[in-house]
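Per-entry structural report
Chain by chain, the residues:
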Amino acid sequence: MITRKRLATGACALLAALSVALLPTSATADEPVAKESPKVELVLDVSGSMRAKDIDGKSRMAAAKQAFNEVLDAVPEEVQLGIRTLGADYPGQDRKRGCKDTRQLYPVGPLDRTEAKTAVATLAPTGWTPIGPALLGAAEDLEGGEATRRIVLITDGEDTCAPLDPCQVAREIAAKGIHLVIDTLGLVPDAKTRQQLTCIAEATGGTYTSVHRTEDLSRRVRQLVDRAADPVVTPVATEGAVRCAGAPQLKPGLYTDREAFGQHRWYRVDLLPGQELRASVSVSADRAVNNDYGVLLRAVTRHGREIVRGSEAGDGRTDVISTGLRYPKPELDDEPGDAKPAAETVCLQVSNSFSAPPSVKTTPGMPIELTLDIVDGPSDASDVASFGLGRGWWLLGALVLAGFVAGLLWGWLSRWRVAVWRTN
């Protein structure tokens with residue numbers, strides 16, 4: 001009897017152990033936790049005003065469609081993307097119906113590029129501009145989970161469905177603490193539209209960009225989608241100096257500063273042999289500025305010799321202007337023993353040529369964003385740093401050789417034809 005009880009007890013214990021082993025278990029501390037895919041929803045204005053033909057000689061709708069196709073081709077695989085429209089379906093004058101005209105054109109999830117492009121191709125400028133309801137709908141589309149979430153709103157006008165103020169809607173979304181960022185892009189915006197879209201973006205920690213060209217729209221939307229896929233980086237505040245000698249020592253990262261009109265700011269970075277410095281700077285025109293402006297980023301030695309530079313210039317209304325540079329430091333040919341190679345101090349100069357009308361305040365300075373990265377350098381640093389052609393030297397050499405050979409052949413043929421003509 002006792003033996004039977006022991007056998008029964010053992011059998012029950014074995015079954016319990018098997019049951020526990022077969023049940024799904026949570027990840028242990030040593031196992032990596034799967035990261036949720038970032039979510040992005042593009043919210044496109046399809047109201048009647050999108051018929052205006054003032055972007056590269058074509059309608060705003062055509063420019064938006066072209067930009068969307070380019071963006072859809074470049075969306076990272078890990079991003080779940082959706083598309084929502086506003087003002088795409090109701091062409092009538094009933095305000096109550098027009099202010100409900102928003103729908104999800106393509107659901108947030110893994111992207112089928114062909115299907116998404118086909119959906120966008122069917123759009124035509126139609127009705128009202130219910131920005132507030134569209135933002136609420138987009139926030140619902142992105143609900144759930146802890147993934148990075150971003151709304152990119154593209155519109156050419158201010159909301160036409162007050163009193164549902166889209167800026168207040170953005171504040172309410174931010175107050176929920178769901179870490180949802182709204183970026184706004186204004187297509188050829190007027191002052192009121194610019195003010196409203198700036199308010200929406202600032203309420204959630206997003207950005208506002210004014211767009212006047214198709215290329216700018218495509219590039220900016222791609223940047224925002226890529227930003228959702230990248231880890232969030234918190235900028236570090238710094239203060240550049242008037243000379244390199246007193247400049248702050250910076251490490252790889254993202255930095256913010258302010259720069260007055262026409263000012264120079266200096267920063268320092270240490271670079272070891274065999275490393276490559278990659279730097280970029282963006283200056284934000286956060287106030288009205290005059291036409292013709294530029295930004296310059298220079299890398300120089302401590303003794304003032306210029307190593308490499310990057311510059312960009314513009315004309316007309318802009319919100320951000322950026323440039324960048326690369327400087328690979330060659331490896332040392334012979335390093336004595338185990339001695340650690342000495343680092344070179346590279347001085348970075350940021351300059352701008354912005355100016356403003358007398359009525360515009362020049363203080364505080366304009367916001368600048370400086371990005372620094374140090375990576376392993378290429379095998380032949382001087383090729384990239386000194387000439388900027390990289391492997392393009394092979395192509396240049398081939399073209400020179402081809403031109404030389406073509407010249408010889410042409411000269412020989414010309415002489416032969418002259419000789420034949422004289423003989424006949």
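This section reports on the structure supplied with the text. Numbers given for residues are sequential positions, taken from 1 along each chain in its written order. Predicted model: local features are reported for residues with pLDDT of at least 70 only, side-chain atom pairs are reported and counted for 80 or more only, and whole-chain, interface and lining totals are derived from all residues. Side-chain calculation: all heavy atoms of the structure are included, whereas hydrogens and water are not.

Attention shifts here to unusual backbone geometry. Between Thr-363 and Pro-364 the backbone carries a cis peptide bond, its omega angle lying at -5 degrees. For Pro-364, the position within the fold is in the loop between strand 15 (344-352) and strand 16 (366-376). Residue Asp-292 is not a glycine yet carries a positive backbone phi of 65 degrees. What counts as a helix is a DSSP run of H or I of at least four residues, what counts as a strand is a run of E of at least two, and both are numbered from the N terminus. Mapped onto the elements, Asp-292 comes out in the loop between strand 11 (275-284) and strand 12 (293-300).

The next thing to look at is the sheet that holds strand 5 (residues 180-187). By this definition, two strands are paired if DSSP reports at least two bridges between them. Ordered by their spatial adjacency, 6 strands build an open sheet running 3-2-1-4-5-6, and the pairing between neighbours is mixed. The two strands at the open ends of the sheet, each matched to only one other strand, are strand 3 (102-109) and strand 6 (208-211). Across the sheet, the axes of successive neighbouring strands diverge by a mean angle of 15 degrees, strand direction being ignored. Relative to strand 2 (residues 80-86), strand 1 (residues 39-45) runs parallel, the two sharing 7 bridges. If you follow Lys-39 over to strand 2, its bridge partner there is Gln-80. In this fold helix 4 (residues 113-121) packs onto strand 2 and strand 3, with an angle of close to 170 degrees to the strand it touches most, strand 3. Think of each axis as a best-fit line through the C-alpha atoms, taken over the contacting stretch in the case of a helix, with angles from 0 to 180 degrees between the N-to-C directions. Residues are treated as being in contact if the distance between any of their heavy atoms lies within 4.5 Å.

Moving on, we get to a nonpolar patch on the surface. Judged by side-chain polarity, Leu-401, Phe-404, Val-405, Leu-408 and Leu-409 come together as a nonpolar surface patch covering roughly 510 Å² of accessible area. Within the secondary structure layout, Val-405 lies in helix 10 (residues 392-423). A patch consists of residues whose relative accessible area exceeds 30% and which take part in no salt bridge; residues with like charges are grouped when within 9 Å of each other, and nonpolar side chains (Val, Leu, Ile, Met, Phe, Trp, Tyr) when within 5 Å. Per-residue and other accessible areas follow the Shrake-Rupley method at a 1.4 Å probe size, with only the shown protein chains counted as cover for residues. The rule for a salt bridge is simple: a side-chain nitrogen of Lys or Arg has to be within 4 Å of a carboxyl oxygen of Asp or Glu.

Attention now moves to the state of the cysteines. Only a pair of cysteine sulfur atoms within 2.5 Å qualifies as a disulfide here. The full count for this structure, using the stated rule, is 3 disulfides. Sulfur-sulfur distance for the disulfide between Cys-167 and Cys-199 comes to 1.7 Å. Disulfide Cys-167-Cys-199: torsion about the S-S bond near -45 degrees, hence left-handed. Here Cys-199 lies in helix 7 (residues 191-203) and Cys-167 lies in helix 6 (residues 166-175), a separation of 32 residues in the sequence. Note on cysteine connectivity: Cys-244 is disulfide-linked to Cys-347, with sulfurs 1.9 Å apart. On the sign convention where negative is left-handed, the bridge of Cys-244 and Cys-347, at about -65 degrees about the S-S bond, is left-handed. With Cys-244 in the loop between strand 7 (236-237) and strand 8 (249-250) and Cys-347 in strand 15, this pair connects stretches of sequence that are 103 residues apart.

Burial classes: relative accessible area under 20% of the type maximum marks a residue as buried, over 50% as exposed, and values in between as partly exposed (1.4 Å probe, protein chains only). For strand 1, a buried count of 7 out of 7 residues is recorded, marking the element as mostly surrounded by other parts of the structure. Side chains Lys-39, Glu-41, Val-43 and Asp-45 of strand 1 all project onto a buried face; the interleaved residues Val-40, Leu-42 and Leu-44 project onto the opposite face, where all are buried too. Examined bridge by bridge, strand 1 and strand 4 (residues 149-155) share 6 bridges and lie parallel to one another. Paired with Val-40 across the bridge in strand 4 is Arg-150. Regarding the hand of the β-α-β motif, the stretch spanning strand 1, helix 2 (residues 60-74) and strand 2 is right-handed. With its strands directed away from the observer, a crossover is right-handed exactly when the path from the first strand over the helix to the second travels clockwise.

Before going further, it helps to spend a moment on the packing of aromatic side chains. Here the aromatic set is Phe, Tyr and Trp, taking the six-membered ring for Trp, and pairing holds for ring centres within 6.5 Å; pairs whose planes are under 30 degrees apart are stacked, those over 60 apart are edge-to-face, and all others are tilted. Counted according to the given criterion, the structure contains 1 aromatic pair. Residues Tyr-293 and Phe-354 carry aromatic rings whose centres are separated by 5.1 Å and whose planes lie at 5 degrees to one another, so their mutual orientation is stacked. One end of the pair, Tyr-293, is in strand 12; the other, Phe-354, is in the loop between strand 15 and strand 16, and 61 residues separate them in sequence. Side by side, Tyr-293 and Phe-354 carry an identical accessibility label, which is buried.

The strand order 8-10-15-12-13 describes an open sheet built from 5 strands, whose pairing is mixed. Of all the strands in the sheet, the pair left with one neighbour each is strand 8 and strand 13 (306-314). Note that strand 8 and strand 10 (residues 264-271) share 2 bridges and pair parallel. The residue of strand 10 that forms the bridge with Leu-250 is Val-269.

A few words on the environment of Ile-368. Locating Ile-368 in the fold gives a position in strand 16. Note on Ile-368: relative accessible area 3%, which makes it buried. Sequence-wise, Ile-368 and Thr-256 are 112 residues apart; in three dimensions their C-alpha atoms are separated by 5.7 Å.

Among the buried residues, those of types Ala, Val, Leu, Ile, Met, Phe, Trp, Tyr and Cys that are joined through side-chain atoms within 4.5 Å form a nonpolar core. In terms of nonpolar packing, the biggest core is built from 35 residues, with Leu-44, Ile-154, Leu-217 and Val-225 touching the most fellow members. A total of 7 residues in this core trace back to one element, the largest contributor, which is helix 2. What Leu-217 contacts, discounting residues up to four positions off in sequence, is Ala-63, Ala-64, Ala-67, Ile-154, Leu-185, Leu-187 and Val-211. Counting 29 residues, the second largest nonpolar core, distinct from the first, contains Val-289, Val-295, Val-308 and Val-350.

Those residues of helix 4 not exposed but buried are Ala-116, Ala-119 and Val-120. Relative to the axis of helix 4, the buried residues are bounded by an arc of 100 degrees and lie together on one face. Of the exposed residues in helix 4, those oriented more than 90 degrees away from the buried face are Thr-114 and Ala-121. Buried residues belonging to helix 4 abut helix 2, strand 2 and strand 3. Under the rule applied, a polar contact is a pair of N or O atoms within 3.5 Å (in protein, one hydrogen donor and one hydrogen acceptor; residues adjacent in sequence only if both atoms are side-chain atoms). Its side-chain oxygen 3.2 Å from the backbone nitrogen of Thr-114, Asp-112 forms the N-cap of helix 4. Starting at the helix axis, one direction is taken to each C-beta atom, and the arc is that of these directions.

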